[in-house]
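Remarks on the overall topology
These are the residues of each chain, in order.
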There are 2 protein chains.
Amino acid sequence: MAGGKHGKLQPVDLSHHINAKSKARHPSPLKDIIRFMGQEGMISLAGGLPHPSLFPLERAKFDVLSPSALNSSHTEGGRAAGLSTLDLGRGDSSNGLDLTRFLQYGSGCGDREVIELATELTERVHSPPAAYECLLHPGNTNAWSKVVGLLCEDNDYVVVDEFTYPSAQALWIPVGIRAAPVQADADGLSATGLRDLLENWDESGRGARRPRVIYLVSVGSNPTGISISNRRRKDIYDVCVQFDLIIVEDDPYYFLQYPPYTPAPDRAAPQTQTTTEFLSALTPSFTSIDSQGRVIRLESFSKTVFPGLRLGYFIANPVFTERLLRATEVETQDPAGLSQAFVLALFQQWGMDGYFTWLQNLQCQYRQRRDWLLDAFHEHFAVVPASESPVPSSQGLVVCIPGKAGGTALRPVFRFVEPGAGMFVWSTFLFEDVRRFQQIKQSASQEDPEQAFAQELWMAMADDLVLLTPGSYYHPWQGADMVTTKARGAAPDSAHFRFSFASPTEEQIHEGVRRMRKVIERYWGAEAADF
Amino acid sequence: MAGGKHGKLQPVDLSHHINAKSKARHPSPLKDIIRFMGQEGMISLAGGLPHPSLFPLERAKFDVLSPSALNSSHTEGGRAAGLSTLDLGRGDSSNGLDLTRFLQYGSGCGDREVIELATELTERVHSPPAAYECLLHPGNTNAWSKVVGLLCEDNDYVVVDEFTYPSAQALWIPVGIRAAPVQADADGLSATGLRDLLENWDESGRGARRPRVIYLVSVGSNPTGISISNRRRKDIYDVCVQFDLIIVEDDPYYFLQYPPYTPAPDRAAPQTQTTTEFLSALTPSFTSIDSQGRVIRLESFSKTVFPGLRLGYFIANPVFTERLLRATEVETQDPAGLSQAFVLALFQQWGMDGYFTWLQNLQCQYRQRRDWLLDAFHEHFAVVPASESPVPSSQGLVVCIPGKAGGTALRPVFRFVEPGAGMFVWSTFLFEDVRRFQQIKQSASQEDPEQAFAQELWMAMADDLVLLTPGSYYHPWQGADMVTTKARGAAPDSAHFRFSFASPTEEQIHEGVRRMRKVIERYWGAEAADF
């Protein structure tokens, strides 16, 4: 743990947010003894660590790409030519990274140098106005689990986006925690909606205190692909101050922010930016506007280096990191040593600016993938601004197919917002015109016709060998009695699917969208009248 | 996860042990979709994984010792000469280990081949009679945290040894769980004591249901160094069947089992054994006698390979591993990829028998360290069988110093049992003869004279630059009102310290014990009369 204390604001007192369980944690008594161990001349018969001479690993070498290897102008050969080797030996002091310390037990908070690296990254990217500390964790899944263990009591409500990451919920459903969703638009979660929810919270009706935690994937949200705009962030932060909420910013896609989509013919090749240009073009994080210390940011190297590292860090008010460290000591201990060593050696090789160059190229790569998917929409469908579509609305685009043979009218299929970040396109499929859906709706036995038809459509696509993710996976959990489209108060005659553009090739994306188009024609097309 | 199902007994139904929280866990819906992804010709726009071509690591090489490198007859040069390199590349199929899969997200249960390795190890070492599954975890600290999350309700009691590992308790103290300790002797926890505890459990008096879980470090216990004998294990298992307890076997020191101590002059050099001889000389684990599937074994590579791996595995009844996997999905995900890749490549290089050779040499190394400490006791003190000591008892040894100048009587200082495994010697210091202790005891203000004097003694040793671990760290937590020696019902006029022989050199051990002897002389020696 290390702070960024110089010239920082003192966080406001937020210790009342620590839950009963977390308050009751004591430091491990074993840790008390450590300061005596460091004393000059001390012979310790106290430690229980295995002897490092008895570890079988003597040296680790990692061949890594250069920071510019992903520059799309590089050939495959050029990529390999840029390899360099990170070399970590036992007792080796040539690069200051003695492998031994990464093989031994750690203290819980992570290697001191990795913490310093995290702190330097935090200053460069977010420059938080209030004092904070960084604490390592083994990935954002575990980080969120520790944050719930820190802040939530059983049967609490947690404020989430209208559609939210399912694993985040799966964690707390078993202890009776429920989601209090707030609607969003193309600028992200609605600050007005948030204020309304909190202002009108009915404790006795809900059977639970007003929410004290808001969970946000604030850039390139999974699943909606939406980033919260700069202006909206400030409004949300103000509401959180007013109602004393802690903001948990789970932000793995932060560096994957893209310029707006331009159709292929007019698309300019991405220009190389300086680090300053690159960083200043990113939407400021909640951490960067957190003058009170009420943002707990979950940082991860999973999307920027690789997920198997299982390594990330909290950026948070020291009053929270102190308690999170207590949990770390008894729940996980330090992240894996080879992961810590690899990241440290990588940054030593690349330098901080090299890492930002890597991120810039990574951003271009994912941006290209986003463009492939949107290109495919344009190629296989008519994509029209929602305002000019058969189902007018103020934001986003509508994907349509031609109407009756010979007619010029378009039949709307799904609405979406072009993602400016992340890995996903979120789609709202519009079922009203679909005869098969109307049949299902009229069947008296069908409690949730929207989900029944969405499932049928999903299966039809899977049968034609194209797979989307059902939107139902991302429905906020509001309790067992609030699962159907109607009970959730969701818009009728529609359902959602998530497209991911992270993994498939350009050819796969085009072929996938072509297959989807064929299935859609069966349901939405003119011939669907005889379904 | 993989089972050892062929020819195995069907576990009895133990699903009632799964607690309310764990029962309420649902599989992550994202996982459902995975079987569709594997379908021939499927184009997936569903997955959210980052693209592996965008990971910067191309190749990892690890220089490792040979399995026989720790053979004490080898010189330092011989050790280095035996190095070989584990070479893991991207898309590399020469050794079947494509690095890419260890860089990507896993499914939660761990890499299939690592699971197979764990299963093969389990069969070779424990050959469990009932069907089981192996599930990876990131170290025994996290494994125990998941087991508590699986089995315990808030405010339960957990049966533990008379002295127990503090981090195991620190985890559950915040949710009101308390320890129900059972006395032990040189054969380990008393089966009779366990039966008495359970038979006479007073639910209303205790305010909690009868314990359903027993936590044991069954070989070379931390802190007592004691291993539960083969005979005693069977008795304990029978009691657990009778009272329907789940046995959690946290057994990181299993392979560090030693022959009895022989004083230096008569000590024979260790003989190399065949793998069969090595394995058959080990005390059978609880897992190996678990005909009902009521043992959850926590396996770790921390003491046998290195702790920084943060890698181990559960061996348990499939009804438990299924729920533990649900927790893994939302709490930690797979252990770190480089750790999994390293262990798999290491076993590929060494072979299973090579690993057992490594363990045999490791065992010899720690045995030698154990012997250094006991040698030092013999050198600096008089060590007499407890039965012939001034404080007769049937088991163990008593460390004494000479009595009054010129006299032949011995003054007892501490009692201990020679550890046949692990890294620790547990000592019961006897304060009755110590004048300073009697002074403290007579001071009316002192609530816990034993702990007050133990603290003074500990500080006196630390001032003289030798550090032991205070025994109080290992007191079972029975509630805030049961902390003093008296309230705990502990033996009066005594307190405990733990010696570790894992880390210091032979010279440090001797010098440490010499320093301790000088402090002890001040308190126990003839001149102490004038203290």
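Here the residue numbers are simple positions, counted from 1 along each chain's written sequence. In the order they appear in the text, chains get letters beginning with A and ligands get numbers beginning with 1. Confidence filtering applies because this is a predicted model: local features only for residues at pLDDT of at least 70, side-chain atom pairs given and counted only at 80 or more, and all residues used for totals across whole chains, interfaces and linings. Excluding hydrogens and water, the side-chain figures rest on all heavy atoms present in the structure.

For the record, the criterion: UniProt positions are given in the numbering used here, feature names are shortened, and annotations may be inferred rather than shown by experiment.
Under an unreviewed UniProt entry, the name given to chain A is Aminotransferase class I/classII large domain-containing protein, and the organism recorded is Oleoguttula mirabilis. Looking at the Sequence similarities (unreviewed entry) heading of the UniProt record, one finds this comment for chain A: "Belongs to the class-I pyridoxal-phosphate-dependent aminotransferase family." Under Cofactor (unreviewed entry), UniProt gives the following word-for-word description of chain A: "pyridoxal 5'-phosphate".

Let's talk about the interface of chain A and chain B
Spelled out, the test is: Should any heavy atoms of two residues lie within 4.5 Å, those residues are counted as being in contact. In this description, buried area is defined as the sum, over both parts, of the accessible area (probe of 1.4 Å) that is lost when the two are combined. Think of a salt bridge as a Lys or Arg side-chain nitrogen and an Asp or Glu carboxyl oxygen that are within 4 Å of each other. Under the rule applied, a polar contact is a pair of N or O atoms within 3.5 Å (in protein, one hydrogen donor and one hydrogen acceptor; residues adjacent in sequence only if both atoms are side-chain atoms). The numbering of helices and of strands both runs from the N terminus, where a helix is a DSSP run of H or I of at least 4 residues and a strand a run of E of at least 2. DSSP calls a pair of strands paired once it identifies at least 2 bridges connecting them.
If you look at the interface, chain A gives 106 residues, while chain B gives 105 residues. Together, the buried faces of chain A and chain B total about 8,900 Å²; carbon and sulfur atoms form 65% of this surface. For the interface between chain A and chain B, the tally reads 0 salt bridges. Summed over the shared surface of chain A and chain B, the number is 41 residue pairs in polar contact (both at pLDDT 80 or more). The dominant element in the side of chain A that touches chain B, judged by the number of residues it contributes, is helix α14 (residues 337–380) of chain A, at 11 residues. As paired strands, strand β3 (residues 57–64) of chain A and strand β3 (residues 57–64) of chain B are joined by 7 bridges and run antiparallel to one another. Paired with F62 of chain A across the two strands is A60 of chain B, which belongs to β3 of chain B.

Some thoughts on the side chain of D250 of chain A
Residue and element names in this part refer to chain A. How we decide: Burial classification: accessible surface area is computed with a 1.4 Å probe over protein chains only, and a residue below 20% of its type maximum counts as buried, one above 50% as exposed, and the rest as partly exposed. Counted as positive: Lys and Arg. Counted as negative: Asp and Glu, with His and the chain ends omitted from the count.
Within the secondary structure layout, D250 lies in strand β11 (residues 246–250). Notably, D250 is buried but unbridged: the nearest opposite-charge side chain belongs to K303, and the N-O separation is 7.5 Å. For D250, the side chain forms a polar contact with the side chain of Y215, separated by 2.5 Å. Contacts of D250, omitting those with residues within four sequence positions, involve N140, Y215, L216, V217, S218 and L298.

Some remarks on the sheet that holds β3 of chain A
Operational definition: The angle between two axes is taken between their N-to-C directions and runs from 0 to 180 degrees, where each axis is a line fitted to C-alpha atoms and a helix contributes only its stretch in contact.
Pairing in this open sheet of 4 strands is antiparallel, and the strands run β4(A)-β3(A)-β3(B)-β4(B) from one edge to the other. Taken across any chain shown, the strands that pair with only one partner, and hence form the sheet edges, are β4 (84–89) of chain A together with β4 (84–89) of chain B. Geometrically, the sheet is characterised by an average inter-axis angle of 15° between neighbouring strands, direction not taken into account. Lying on the sheet, α14 of chain A is in contact with β3 and β4 of chain A together with β3 of chain B; it crosses β4 of chain A at an angle near 130°. Here helix α14 (residues 337–380) of chain B sits on the sheet and contacts β3 of chain A together with β3 and β4 of chain B; the angle it forms with β4 of chain B, its principal contact strand, is near 130°.

Side note on the pattern of salt bridges
All names here are of chain A. Counting across every chain of the model gives 60 salt bridges over all chains. Here D156 makes a salt bridge to R209, at a shortest N to O gap of 2.8 Å. Residue D156 is found in the loop between α7 (140–151) and β6 (157–161), and its partner R209 is found in the loop between α10 (203–206) and β10 (213–216); the two are separated by 53 residues along the sequence. Overall, R209 belongs to the partly exposed group, its relative accessible area being 26%.

As for the nonpolar core
For clarity, the cut-off: In this text, buried Ala, Val, Leu, Ile, Met, Phe, Trp, Tyr and Cys residues form a nonpolar core when linked through side-chain atoms within 4.5 Å.
Core analysis: the largest hydrophobic core is formed by 289 residues, its most contacted members being F342 of chain A together with F342 of chain B. Leaving out residues up to four positions away in the same chain, F342 of chain B has contacts with L57 and L338 of chain A together with F62, V64, L86, V305, F306 and L309 of chain B. Membership of the second largest hydrophobic core comes to 24 residues, among which are V159, A180, A191 and V239 of chain B.

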